[in-house]
Amino acid sequence: MNSTKRAYNFNAGPSALPIEVIQKAQEELVNYNHSGMSIMEMSHRSKDYEAVHNDAIARLKSLYSIPDNYEVLFLQGGGSLQFTMVPMNFLNSDQTASYILTGSWSEKAFKEAKLFGQIREAASTKDNDYRNIPALEEIQFSQTDSYVHITSNNTIYGTQWKDFPQTGGVPLVADMSSDILSKPVDVSNFGIIYAGAQKNLGPSGVTVVIIRKDLLEKANTNIPTLLKYSTHAEANSLYNTPPTFGIYMLGEVLKWVEEKGGLEAIESNNEEKAKLIYDVIDCSNGFYYGHAHSESRSLMNITFRVSDENLEKQFLAEAREAGFIGLNGHRSVGGCRASTYNAVPYETCKALADFMVAFQNKNS
Ligand SMILES: *Cc1c(COP(=O)(O)O)cnc(C)c1O
């Protein structure tokens, strides 16, 4: 480990990457695999790059045990372009789709889909300031819907689905931008999973899409080439130049997850890290209080307030002073948020928990 001091990085996205991955990329940056050039300078049709590309796809398939009837795609445009691509490919003006609203990102996806077809709210927790995930029995959708859309982790409000709805013959589409790779997931429960990379997967610039192959055949054909999933599926995500450096980094992050013991090990790590901070909140006698209801709490984004507004400002200022980065809540909701993605070390979370206890002792 090099001696460069790493920040206590709780950024919501882009966010911390594993130090091991950053250092390996640094070592390989100037001369990748004796090629005399960096991976960024190579043709995306070269053997070296193609190996990186296919290796990343294979590792993601293996980590998630993705069944053979799914394709893994590497696209661009972030999680946000998927808000457009999903309905553009799978929703016509005479069709319906159901959206479960659990926060700002699902609202954005919902709004975008309105441009394409008839959209319904299958459930919403907006009246409750998005403090919880709806109970599975509250969810209402139709068997004739083109799909049902959910946001698996609500980055801004700090809630996360624990059990996913079973939608039977209607494809379930999940925006997993902020909790992909954080725990095992049964991919066969979903028609489409998508995620921008910059929270748990790598640097920004690459978007992972896992899509069931039969859907590719059902998709609309009269849409722009680059916005068709099938274009990318048929070309192994090499129809045009992919974000090669981002995909290389994603591959290294996947290797790192394997070395940590896979998704189960990552999940229990994440549980331990989040518990450190939630325990401080729960044992603070109301000095700190969480935004999310405890049964809906996210292991990735811990949202909380300090009981007194001035004290909250002071908390954020002193935390910044003490080297904690990214603890301000999203600009739309305020408060505090600690994003504890996969690459945020246990020690970093411990340091925050200790800081929170010390701050409370000093100020109550
Ligand atoms: C960050 C985020 C997005 C937006 O991702 P971009 O890559 O910036 O487009 C979408 N959905 C969720 C759940 C997110 O956390």
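Since we're looking at a predicted model, the values are computed, not measured. (Residues numbered from 1 in each chain as written. Predicted model: local features only at pLDDT ≥ 70, side-chain atom pairs only at ≥ 80, totals over all residues. Heavy atoms only, no water.)

Asks: Help me understand a positive patch on the surface, please; the structure alone is not making it clear to me.
Replies: Together, Lys108, Lys111, Lys114 and Arg331 make up a region of like positive charge exposed at the surface. Examined against the element boundaries, Lys114 turns out to sit in the loop between helix H4 (104-113) and strand E4 (118-124). (Patch = residues over 30% accessible without salt bridge, like charges linked within 9 Å, V, L, I, M, F, W, Y side chains within 5 Å. Areas by Shrake-Rupley, 256 points an atom, 1.4 Å probe, with all protein chains shown as cover. Salt bridge = Lys/Arg side-chain N within 4 Å of Asp/Glu carboxyl O. Lys, Arg positive; Asp, Glu negative; His and termini not counted. Charge placed at Lys NZ, Arg CZ, Asp CG, Glu CD. Helix = DSSP H or I, 4+ residues; strand = E, 2+ residues; numbered from the N terminus.)

Asks: Looking at this structure, I do not really get the pattern of salt bridges. What am I missing?
Replies: Note on pairing: side chains with opposite charge can pair once their charged atoms come close. Here the structure, examined in full by the defined rule, presents 15 salt bridges. In this structure, Arg212 engages Asp214 in a salt bridge whose closest nitrogen and oxygen atoms are separated by 2.7 Å. Judged by its relative accessible area of 27%, Asp214 falls in the partly exposed class. The closest approach of N and O atoms between Arg297 and Asp282, which form a salt bridge, is 2.6 Å. Pair noted here: Arg297 is in the loop between strand E11 (288-290) and strand E12 (301-306) and Asp282 is in helix H8 (residues 262-282), with a separation of 15 residues, a long-range link. Salt bridges sharing partners connect three or more residues here, namely Lys24, Glu28, Glu252 and Lys255. (Buried < 20%, exposed > 50% of the residue type's maximum accessible area, 1.4 Å probe, protein only.)

Asks: Mind showing me how you'd approach the site of the ligand here?
Replies: Inspection of the region around the ligand gives 13 residues, with Ser80, Thr155, Asp175, Gln198 and Lys199 positioned closest. Here an oxygen atom of the ligand and a side-chain polar atom of Ser80 are 2.6 Å apart. For the ligand, the accessible surface in isolation is 390 Å², of which the surrounding protein chains cover 87%. Class assignment of the residues belonging to the shell around the ligand gives a composition of two nonpolar, nine polar and two charged. (Near = heavy atom within 4 Å. Polar contact = N/O pair within 3.5 Å; in protein donor to acceptor, adjacent residues only side chain to side chain. Nonpolar A, V, L, I, M, F, W, Y, C, P; charged D, E, K, R; others polar.)

Asks: Any chance you could explain the environment of Asp145 here in plain terms?
Replies: Assignment of secondary structure puts Asp145 in the loop between E4 and strand E5 (148-151). According to the relative accessible area criterion, Asp145 is buried, its value standing at 5%. Separated by 158 residues in sequence, Asp145 and Thr303 have C-alpha atoms that sit 33 Å apart. Residue contacts for Asp145: discarding those within four places in its chain leaves Thr96, Ala97, Ser98, Arg120 and Val170. Within the structure, the side chain of Asp145 is placed 2.6 Å from the side chain of Thr96, a separation counted as a polar contact. (Contact = heavy atoms within 4.5 Å.)

Asks: Where do I start with the UniProt feature "domain: Aminotransferase class V" (unreviewed entry) in the protein in this structure?
Replies: According to UniProt, the positions carrying the feature "domain: Aminotransferase class V" (unreviewed entry) are residues 8-347. Between the end C-alpha atoms of residues 8-347 there is a gap of 9 Å, over a span that is 34% helix and 17% strand. (UniProt positions renumbered as here; feature names shortened; annotations may be inferred.)

Asks: Can you help me understand the environment of Ala174 in this one?
Replies: Mapped onto the elements of the fold, Ala174 is located in strand E8 (residues 172-175). Considered as a pair, Ala174 and Val209 are 35 residues apart in the sequence and their alpha carbons are 10.0 Å apart. In this view, Ala174 contacts Ile150, Phe190, Ile192, Ile193 and Tyr194; residues no more than four positions away in its chain are not counted.

Asks: Explain the nonpolar core to me, please; I cannot follow it from the model alone.
Replies: Generally speaking, soluble globular proteins have nonpolar side chains that are buried together. Among the nonpolar cores identified, the biggest contains 53 residues, and Leu60, Tyr64, Phe74, Leu181, Phe190 and Ile210 are the most heavily contacted of them. Considering every element that reaches this core, the biggest residue donor is helix H7 (residues 244-259), with eight residues. Excluding its chain neighbours within four sequence positions, the residues that come into contact with Tyr64 are Ile180, Leu181, Ser182, Lys183, Val185, Val187 and Leu263. Grouped together as the second largest cluster of nonpolar side chains are 30 residues, Ile277, Phe287, Cys336 and Ala343 included. (Core = buried A, V, L, I, M, F, W, Y, C linked by side-chain atoms within 4.5 Å.)

Asks: What is the right way to read the UniProt feature "binding site: pyridoxal 5'-phosphate" (unreviewed entry) in the protein from this model?
Replies: Here the UniProt feature "binding site: pyridoxal 5'-phosphate" (unreviewed entry) sits at Gly79, Ser80, Trp105, Thr155, Asp175, Gln198, Asn240 and Thr241. The greatest C-alpha distance among the residues just named is 30.8 Å, and with 163 residues of sequence between them they are spread in space as well. Note on placement: Thr155 falls in the loop between strand E6 (153-154) and strand E7 (159-160). Owing to a relative accessible area of 4%, Thr155 belongs among the buried residues under this scheme.

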